[in-house]
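Letter by letter, the chains look like this.
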Amino acid sequence: MGLAKRIIPCLDVRDGRVVKGVSFVGLRDAGDPVEIARRYDSEGADELAFLDITASIEARGLILSVIEAVAAEVFIPLTVGGGVREVADVRRLLNAGADKVSMNTSAVLNPQLVSEAASRFGSQCIVVAIDAKANEQGGWEVYTHGGRQATGLDAVLWAQRMQTLGAGEILLTSIDRDGTKSGFNLPLTRAISDAVGIPVIASGGVGNLQHLVEGVTEGHADAVLAASIFHFGEYSVQQAKAYMQQQGIEVRLN
Amino acid sequence: MVSGVDIAVVDYGMGNLRSVSKALEHVAPQARVAVTSDPDMIRAAKRVVFPGVGAMGDCMRELADRGLVDAVKQAAATKPFLGICLGMQMLFEHSEEGDVAGLGILPGRVRRFFGDMGQEAGGLKVPHMGWNEVHQQRAHPLWAEIDDLARFYFVHSYYVEPADAEMVSASCAYPFPFACAVAKNNLFAVQFHPEKSQHAGLILLGNFVRWEGHSSQQSVA
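Now for a look at the structure at hand. (Residues numbered from 1 in each chain as written. Chains lettered and ligands numbered in written order. Predicted model: local features only at pLDDT ≥ 70, side-chain atom pairs only at ≥ 80, totals over all residues. Heavy atoms only, no water.)

Comments concerning the interface of chain B and chain A
- Listed as interface residues are 31 residues of chain B and, on the opposing side, 43 residues of chain A.
- Both sides together, the interface formed by chain B and chain A hides about 2,800 Å², and carbon and sulfur atoms give 53% of it.
- By the criterion of area lost to chain A, the three top residues of chain B are Lys125, Met129 and Trp131 of chain B, representing 24% of everything that side buries.
- The tally of links from chain B across to chain A stands at three salt bridges.
- As a salt-bridge pair, lysine 196 of chain B and aspartate 99 of chain A come within 2.8 Å of each other at their nearest N and O atoms. (Contact = heavy atoms within 4.5 Å. Buried area = accessible area lost by both parts, 1.4 Å probe. Salt bridge = Lys/Arg side-chain N within 4 Å of Asp/Glu carboxyl O.)

Description of the nonpolar core
- Leu48, Phe50, Ile130, Ile170 and Leu212 of chain A are the most contacted members of the largest nonpolar core, which has 79 residues in total.
- Beyond its immediate chain neighbours, meaning those up to four positions away, isoleucine 170 of chain A contacts Val127, Val128, Ile130, Ala159, Met162, Ile192, Ile198, Pro199, Val200 and Ile201 of chain A.
- If you look at the next biggest cluster of nonpolar residues, it comprises 41 residues, including Val9, Val49, Ala170 and Val209 of chain B. (Core = buried A, V, L, I, M, F, W, Y, C linked by side-chain atoms within 4.5 Å. Buried < 20%, exposed > 50% of the residue type's maximum accessible area, 1.4 Å probe, protein only.)

A look at the side chain of serine 193 of chain A
- Looking at the secondary structure, you find serine 193 of chain A in helix α7 (residues 186–195).
- Discounting chain neighbours no more than four positions away, the residues touching serine 193 of chain A are Val200, Gly219, His220, Ala221 and Asp222 of chain A together with Lys125 of chain B. (Helix = DSSP H or I, 4+ residues; strand = E, 2+ residues; numbered from the N terminus.)

Here we look at the packing of aromatic side chains
Residues and elements named next belong to chain B.
- The tally for this structure, following the rule as stated, stands at 19 aromatic pairs over all chains.
- Taking 5.0 Å as the distance between ring centres and 35° as the angle between the ring planes, the aromatic pair formed by phenylalanine 113 and tyrosine 159 counts as tilted. Placement of phenylalanine 113 in the loop between β7 (108–112) and β8 (128–133) and of tyrosine 159 in strand β12 (residues 158–162) is noted, with a sequence separation of 46 residues between them. The residues phenylalanine 113 and tyrosine 159 share a single accessibility class, namely buried.
- Judged by centre distance (5.6 Å) and plane angle (75°), the ring pair of phenylalanine 154 and phenylalanine 192 falls under edge-to-face. Placement of phenylalanine 154 in strand β11 (residues 151–156) and of phenylalanine 192 in the loop between β15 (187–190) and α6 (198–210) is noted, with a sequence separation of 38 residues between them. Each of the two residues, phenylalanine 154 as well as phenylalanine 192, counts as buried. (Phe/Tyr/Trp six-rings, centres within 6.5 Å; stacked < 30°, edge-to-face > 60°.)

Section: helix α1 (residues 17–27) of chain B
- Along α1 of chain B, the positions that sit buried rather than exposed are Leu17, Ser19, Val20, Ser21, Ala23, Leu24 and Val27 of chain B.
- The inward-facing, buried residues of α1 of chain B abut β1 (7–10), β2 (33–36), β3 (47–50) and α6 of chain B.

Take a look at the structure:
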């Protein structure tokens, strides 16, 4: 027995509320972030991820109060991403109670941000989020701006470069699968997980508990992230863990 | 005269101290918890928590620049003292991370995972990140009410190799066993993050805030 595979419920937060959409559009309100975080914590979530998709600059600061409120009563690791543009943003989120900060678009626009933040705060708290989409050559391309903008970057090479610059973890989302409930993109997940020496979180497409198992067994992911199957009460984190354990995956059970 | 706080969390500008202080306040609502870089306040505190994340060299430099080395050494020698993560590694003599000297309070060194095997060893990733089993090697007041093999949250790329096996209070496997908790007299230090380890972590912090600083180490038979 050793290190457990992690289950990470993800909360997409817009203007201080949890929302969930399909392929990054068509958002539904899913509730109060502090309440949801508390529930996942009591169900045995191993970490929580918050992705801030706040639309307006005026509402930017809301995520800080959400994180502060969650960190005051939930004692598991918190990852926060979305809208991180400079080292000062990383510091603000860490000071609010985030344990890890995730960067996506800003890492593409300014890769030095990753190395600066890693050398300042340590690789352990720098997550690079990669949104990838299949291309016609049979590979995967990195997209930014919430999956709207192609970059021409190869996702596998990009993940390796991010590791070199100091990322401590990769949060990998398949844009094609996100919100579809058809399962992780397993070839993509495996390609990236096998190409880097840092942990990889698989994200995008979970529709049932078998998908979580496949992310680990076939995708070689170190952690699996899901949103809608947990938000709308289809499954509890506990059920997910019990199922994964039945399938021979090491998980943390309380 | 500085009025003594109950728990001083040593602040040397590195890492997320808020989560440590929040967790302490949660387990000890009556206690006065101060996140501080004032050596006098650390000297006057009843107990001291020494956290840390980031790079060892940076942490040692910040500690020295803020004039905190003596206060930390004194606290580690005299009162209930809890090192966490890098705050554990810094207690030792030397680290492979940047080839730097630590505080030298405990004999031993800090090594990198799979340092001589490249980035990957059998598919294992570095940092060692997530919930792993903590195998209690010796009874200690800080393990009270915590099951052997309870899982705690780890995130680190380096681990300590104490020169004195007697001080190893718990071990963890990734994939080979390493010391994840050490104890000596009034000092206890852990590689994992109790402040992020949910129930088990909060119990350990609760044990610490009640601990008088006597280790009374006995082997778990």
